[in-house]
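As a plain string of letters, each chain reads:
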Amino acid sequence: MTPEPRTASGDDAALRASLAAVRAEVAKAVVGQDSAVTCLLIALLCRGHVLLEGVPGVAKTLLVRTLSASLSLDTARVQFTPDLMPGDITGSLVYDARTAEFSFREGPVFTNLLLADEINRTPPKTQSSLLEAMEERQVSVDGTPRPLPDPFLVIATQNPVEYEGTYPLPEAQLDRFLLKVVLPLPEREQEFEILRRHATGFSPRDLAGAGVRPVADAATLEAARDHVARVQVAPEILTYIVDLCRATRSSPSLSLGVSPRGATALLATSRAWAWLAGRDYVTPDDVKALVTATLRHRVQVRPEAELEGVTAESVLATVLASVPVPR
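Criteria and cut-off values
Residues numbered from 1 in each chain as written. Predicted model: local features only at pLDDT ≥ 70, side-chain atom pairs only at ≥ 80, totals over all residues. Heavy atoms only, no water. Axes fitted to C-alpha atoms, helices over the stretch in contact; angles between N-to-C directions. Helix = DSSP H or I, 4+ residues; strand = E, 2+ residues; numbered from the N terminus. Parallel < 35°, antiparallel > 145°, perpendicular 65-115°, else oblique. Left-handed = near helix turned anticlockwise from the far one by under 90°. Contact = heavy atoms within 4.5 Å. Buried < 20%, exposed > 50% of the residue type's maximum accessible area, 1.4 Å probe, protein only. Pairing = 2+ DSSP bridges. Polar contact = N/O pair within 3.5 Å; in protein donor to acceptor, adjacent residues only side chain to side chain. pLDDT = per-residue confidence, 0-100.

For the rest of this paragraph, the subject is the packing of helix α9 (residues 235-249) against helix α11 (residues 284-295). Close contact between α9 and α11 brings their axes to 10 Å; oriented N to C, the two are set at 30°. Classified by the interaxial angle, the pair formed by α9 and α11 is roughly parallel. As α9 runs across α11, the sense of the crossing is right-handed. Of the residues in α11, those touching α9 at Ile237, Tyr240, Ile241 and Leu244 are Pro284, Val287, Lys288 and Val291.

Given below as structure tokens:
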């Protein structure tokens, strides 16, 4: 089933080395979030978007700022609040008294990395204003479509412990996110390293002072995407992905299983993971590695199962254990 690996070209190896260097640069400012950095790189390679979930203070904003600095990309941050309007994100027409004409003033969405901070704190009308930008990579104002820069990545954050005054994202919008990444609290040694850095003068506002520098750019990402697109996927792997997704639809613990869009997302992330690992073909282990991050937000646990302590992650673990792995 598994094809023979081809020898990686120098260009291929150089691209992987550049993205590995990005992880090293981010680690100069962010401690203990290597998995999240890898997921963000996978999202950039797949032209997807990421939902970050974590308690306050686990470096979600710093992670995005450092990633953009190491990739030499533009970034913008929007703090989502109950009074935020769609035009505050997408931009709006502004009347110019000197020319007696309306001109378009771009909103913060016209950037490479958009950090949508606490996206569940704004009403659905404003949340949905991101839908066209995320799916179509353009903004339409007054009937005129305006393309967004490339690359374009929405990184939305939400606080999992504070629900008062929040507006849960609807399933249709959750499905637009390629990955949902949960940022854990640091281990004891990692927390010590964070404090040690601050004690020796590290400032989150001075990334250059921390030694963070650009080691890749948009052209690197575009070339890497071409290589990811050439990663081979055997029919047995496609069948495995289909069976995993269909198994979620028949799970008694779920009221909503994974849609075909989720299956295509799992295929895309598995290919990117395989390429980053140095292979030009996908293995079952590549699929397993991305199942949780790619599918956890695309399933809905039944309320009665939730009361018994069932989580999306535990259901996906059960599905992985029950679906035969191709050999």
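Of all 6 residues in strand β8 (residues 153-158), 6 are buried; the element is thus mostly enclosed. Note: strand β1 (residues 50-53) against β8, 4 bridges, orientation parallel. Bridge pairing in β8 links leucine 52 to threonine 157.

In this section: the side chain of histidine 49. For histidine 49, the location among the structural elements is in the loop between α2 (34-46) and β1. Within the structure, histidine 49 has its side chain in polar contact with the backbone nitrogen of valine 154 (distance 2.9 Å). In contact with histidine 49, not counting residues within four places along its chain, are Met134, Arg137, Phe152, Leu153, Val154, Arg176, Phe177, Leu178 and Leu179.

Take valine 282: it is sitting in the loop between α10 (260-276) and α11. With residues up to four places along the chain from it excluded, the contact list for valine 282 reads Val231, Gln232, Val233, Ile237, Ser270, Arg271, Ala274 and Val287.

This next bit is on the confidence of the model for the protein. Summarising the model, the protein shows a mean pLDDT of 89, and 95% of its residues fall at 70 or more. Here residues 1-10 is a poorly scored stretch, pLDDT under 50, and it has 16 contacts once near neighbours within four places are set aside; other chains count.

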